[in-house]
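As a plain string of letters, each chain reads:
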Amino acid sequence: MAYEMEEIRLGQEIFYYLLKHHELSEEDREPLYRAYAQQEQIQNLVKSQGELAECDIERYGNVIYLIPKEENTFLGFSKAGLKQALCKSTGTDRDYYLSQFVILTLLTEFYDGQGATCKTRDYMRAGELLNCISDRLKEGCERYGEEEEERAGIAFSDMAQAYEALKSDEKGTRTKTTKEGFLYHILHFLQKQGLVEYVEADEMIKTTKKLDNFM
């Protein structure tokens, strides 16, 4: 398939914009957005560049997203990078898996519906999420013994130990060695990625349009 030089230039400009911002909305750069949305040739060029860069390029509503694939640690995050961002400095693998369990619990609490949209609530408070995490870990430990955990591939007992090793402090501490601080840093990480809005004054967690689209 032959491409015109203008199409190639536009495709490269769109992909470069996505590399810098990870998303392109009609509101931000209407000419680039419309070139992608309305011209199949350009859309194919951008998707091809994304494939070579180990990324998916997807459009939801009026926003185009660049989504690094799981193995893409150059544009995405490695396990070591996530552990450093989310866990205490002496964090182990079980602390890392606990952080991922916290994120999955948050997603489950917001997106557990059926039909056209799976979103079931608009917000929740940090304290409620902490209670949900504790309850889910307890349920997992009660449901699965060590052998069942190996088969299920989820080490509930290890994560529960890591969670209980965190102190409890209601004074608003931000240290990763407390339950509240551990959650605080996870929420701020998600906020930096544009996935949640965390209103500290009210301890209120809301999801963004970006996360709603992904889910």
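Data block above holds the structure.
Residue numbers run consecutively from 1 along every chain, following the written order of its sequence. For a predicted model such as this one, the threshold for reporting local features is a pLDDT of at least 70, and the threshold for listing and counting side-chain atom pairs is 80 or more; totals across whole chains, interfaces and linings nevertheless cover every residue. Calculation of side-chain values draws on the structure's entire complement of heavy atoms; hydrogens and water are dropped beforehand.

Peer 1: Tell me about the sheet that holds strand S4 (residues 123-125), and name the residues and values.
Peer 2: Strand pairing within a sheet occurs via backbone hydrogen bonds; the two strands may be parallel or antiparallel. Between any two strands, pairing holds if DSSP finds at least two bridges. A run of H or I in DSSP becomes a helix once it reaches four residues, and a run of E becomes a strand once it reaches two; helices and strands are each numbered from the N terminus. With antiparallel pairing, 3 strands are arranged side by side in an open sheet as S4-S6-S5. Looking at strand neighbours, the two that pair on one side only are S4 and strand S5 (196-199), the edges of this open sheet. Adjacent strand axes in the sheet meet at a mean angle of 25° when their direction is disregarded. Sheet analysis places S4 next to strand S6 (residues 204-207), joined by 3 bridges and oriented antiparallel. To get an axis, a line is fitted to the C-alpha atoms, and for a helix only the part in contact is used. The angle between two axes follows their N-to-C directions and goes from 0 to 180 degrees.

Peer 1: Can you tell me about the nonpolar core, naming the residues and giving the values?
Peer 2: Counting 37 residues, the largest nonpolar core has Leu98, Leu106, Leu137, Leu190 and Ile205 as the members making the most contacts within it. In terms of residue count, helix H5 (residues 93-110) provides more of this core than any other element does, 8 residues in total. Any two residues having at least one pair of non-hydrogen atoms within 4.5 Å are treated as being in contact. For leucine 137, the contacting residues outside a window of four places in its chain are Leu98, Phe101, Phe156, Met159, Ala160 and Tyr163. In terms of nonpolar packing, the next biggest core, distinct from the first, is built from 17 residues, Phe15, Leu24, Tyr33 and Ile57 among them. Only buried residues count toward a nonpolar core. Its members are Ala, Val, Leu, Ile, Met, Phe, Trp, Tyr and Cys residues joined through side-chain atoms within 4.5 Å. Burial status follows relative accessibility: with a 1.4 Å probe on protein chains alone, a residue under 20% of its type maximum counts as buried, one over 50% as exposed, and anything between as partly exposed.

Peer 1: Give a description of helix H6 (residues 126-143) that names residues and reports values.
Peer 2: Here H6 contains 18 residues, and its C-alpha end-to-end distance of 26 Å stays within 8% of the 26 Å for a straight helix at 1.5 Å per residue. Listed in full, the buried residues belonging to H6 are Ala126, Leu129, Leu130, Cys132, Ile133, Leu137 and Gly140. Taken end-on, H6 shows its buried residues confined to a sector of 160°, consistent with a single buried face. Opposite the buried face of H6, at more than 90 degrees from it, the exposed residues are Lys138, Glu142 and Arg143. Multiplying one less than the number of residues by 1.5 Å gives the expected span of a helix. Directions are taken from the helix axis to each C-beta atom, and the arc is the one they span.

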